[in-house]
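Chains, contacts and geometry: an overview
Here is what each chain is made of, one letter per residue.
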Amino acid sequence: MLIVPPHLGEVPFENWGQTVKHLPKFTFLPTTVRGVQNIVLFAIANNYRVRCAGYRHSWSPIFSQDNEIFISFVNLHTVTTLPDPMSLIPGEYNPATVPDLKTIELKEETVPGTKRLCRVGVAVTNEEFRRWSVAGKAWAFPADVILVEVSRSEHKLTIYAI
Amino acid sequence: MGSPSQSSLRSELLERTHILKEILSHVEEYSNEFDKIDYPSLKNEVLKPVLAEVFDPETQIRGFLKTFRHTLVYKAAFSKIDNQQLREQIDAFIDGKGAKDVTREAGFHVASHKSPPVHHHFSLLSELKKLVLSAIELKEAVKDVLHPKHKHVRDLPVVFEDVSDTRVVEVSADTIRSSLAIANTLLVL
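All values reported here derive from a predicted model rather than from experimental measurement.

1. What about the overall build of chain B?
Along chain B, the regular secondary structure elements total 10 helices and 1 strand. For chain B, the sequential pattern of α-helices and β-strands runs α-α-α-α-α-α-α-α-α-β-α. When the 189 residues of chain B are sorted by exposure, 13% land in the buried category. A separation of at least 24 residues holds for 43% of the contacts in chain B among residues at least 6 apart in sequence.

Rendered as structure tokens:
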């Protein structure tokens, strides 16, 4: 039998700036939309609140809460390794192999040749989007931040903040 | 109405081309205070290619390294690299040798060097390597290990993330991690 010291089992939440700390009841790492839906159903059935985060890039306690459910869209080792070396590690964004929540799909053009809609997975990070954008040499966001440690969901909030 | 100083901050000026041109025009005004910076490299190899939209990562990185090559911070960091081969590779790259040529024979082994920040940053690679190796070894053994029939998994919620209810969402609890529960279950099996 493997004996697990209690402190090794704890998965505390800490934001990017290391100013907010929580201890969620459960930390889920889904890779599909259906997974997220089922987590929400589990939360409803068991009277939990659900909080979500990518790179946890906010100074406010918006991303997590003690004894509630926390969904992390970035794996736990990555979000606790700062700065993230991803921008230095060679690699490509491969839309054929990414999980459900990391997909990037171009949709119809609203202004031909200039603007179009794009469906971006909530777990797509800034670096992953940059790699996709550079590989395609065609489309990018009209506003962005020069920051690796942020996911698209948080990035949208950043734009609003600006 | 806005004053002249306010009008100089018009939003249409807060865009890349204008900002880069301003930097190009004024950056050397700092040369008295920061006299170790290689301003021609900064302007010609970093800024101007971006303006001309001829961005090449290798040129940019080489330009950045040349820009700061003679600063105390760069020299201090460079001296902490305890591998002569890597230092020579970096110098050769800065002097114009292509990245592929520099790494062709000896490779590029940053993760093996012990500079604390670099070692930590590249720990992700080590973790990924461990993860892949573990996954290969355990692939057959853990096919159904997360099924609630195993008593060590019962304390963790089982939430499926596919239509056929075969893949379980990875989950950690405040007292038990699922990965450790897997290890427990395997030992019991």
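2. Some thoughts on the confidence of the model for chain A
Residues and elements named next belong to chain A. Summarising the model, chain A shows a mean pLDDT of 80, and 78% of its residues fall at 70 or more. No element of chain A has a lower mean pLDDT than helix α1 (residues 6-9), which averages 37, and none a higher one than helix α2 (residues 33-46), which averages 95. Below a pLDDT of 50 lies the segment residues 157-162, which in the model reaches 3 contacts outside its immediate sequence neighbourhood of four places, other chains included.

3. A word on the pairing of strand β6 (residues 104-111) of chain A
Residues and elements named next belong to chain A. Among the 8 residues that make up β6, 0 are buried, leaving the element largely open to the surroundings. Alignment of β6 against strand β7 (residues 115-120), held across 5 bridges, turns out to be antiparallel. The partner of Glu105 across the bridge, within β7, is Arg119. Hairpin connection from β6 to β7: 3 residues lie between these consecutive antiparallel strands, with Gly113 at a positive phi of about 80°.

4. Overview of the nonpolar core
Within the largest apolar cluster, 24 residues are counted, with the highest numbers of intra-cluster contacts made by A:Phe28, A:Ile39, A:Ile69, A:Ile71, A:Phe73, B:Val159 and B:Val169. Taken together, the elements giving at least two residues each to this core come down to β3 (26-29), α2, β4 (50-53), β5 (69-72) and α4 (126-136) of chain A. Setting aside anything within four residues of it in sequence, one finds A:Phe73 in contact with A:Cys52, A:Ala53, A:Gly54, A:Leu101, A:Val122, A:Ala123 and A:Ser151.

5. Structural notes on the confidence of the model for chain B
Residue and element names in this part refer to chain B. On average, residues of chain B score 73 in pLDDT, and 58% of them are at 70 or above. Within chain B, the lowest mean pLDDT, 42, falls on helix α10 (residues 178-188), and the highest, 90, falls on helix α3 (residues 39-51). Considering only residues more than four positions removed or in separate chains, one finds that residues 1-7, a stretch of pLDDT under 50, has 1 contact. Every residue in residues 176-189 is under pLDDT 50, and counting partners more than four places away or in other chains gives 30 contacts.

6. As for unusual backbone geometry
Residue and element names in this part refer to chain A. The phi dihedral of Asn47 falls on the positive side, at around 60°, and the residue is not glycine. Along the chain, Asn47 turns up in the loop between α2 and β4. Assessed through the 7 C-beta atoms surrounding it within 10 Å, Asn47 is described here as exposed.

7. Focus: the environment of B:Val46
All names here are of chain B. By the secondary structure assignment, Val46 is in helix α3. Judged by the 19 C-beta atoms lying within 10 Å of it, Val46 is partly exposed. Put simply, Val46 and Arg62 are 16 residues apart on the chain and 8.6 Å apart in space, counted from C-alpha to C-alpha. Residues contacting Val46, with those up to four places away along its chain left out, are Gln60, Gly63, Phe64 and Thr67.

8. Examining the sheet that holds strand β1 (residues 170-173) of chain B
What links the strands of a sheet is backbone hydrogen bonding, and the strands pair in either a parallel or an antiparallel sense. Read from one edge to the other, the open sheet built from 4 strands follows the order β4(A)-β5(A)-β3(A)-β1(B), with strand pairing classed as mixed. Looking at which strands have only one partner, the edges of the open sheet turn out to be β4 of chain A together with β1 of chain B. Looking at each pair of strands side by side, their axes are set apart by 20° on average, direction ignored. As paired strands, β3(A) and β1(B) are joined by 4 bridges and run antiparallel to one another. Residue A:Phe28 lies in a different strand from β1(B), and its bridge partner there is B:Val171. Along the sheet, α2(A) contacts β3, β4 and β5 of chain A; its crossing angle with β5(A), the most-contacted strand, is approximately 175°.

Cut-offs used in this document
- Residues numbered from 1 in each chain as written.
- Chains lettered and ligands numbered in written order.
- Predicted model: local features only at pLDDT ≥ 70, side-chain atom pairs only at ≥ 80, totals over all residues.
- Helix = DSSP H or I, 4+ residues; strand = E, 2+ residues; numbered from the N terminus.
- Buried ≥ 20, exposed ≤ 12 C-beta atoms within 10 Å, placed from the backbone.
- Contact = placed C-beta atoms within 7 Å.
- pLDDT = per-residue confidence, 0-100.
- Pairing = 2+ DSSP bridges.
- Core = buried A, V, L, I, M, F, W, Y, C linked by C-beta atoms within 7 Å.
- Axes fitted to C-alpha atoms, helices over the stretch in contact; angles between N-to-C directions.

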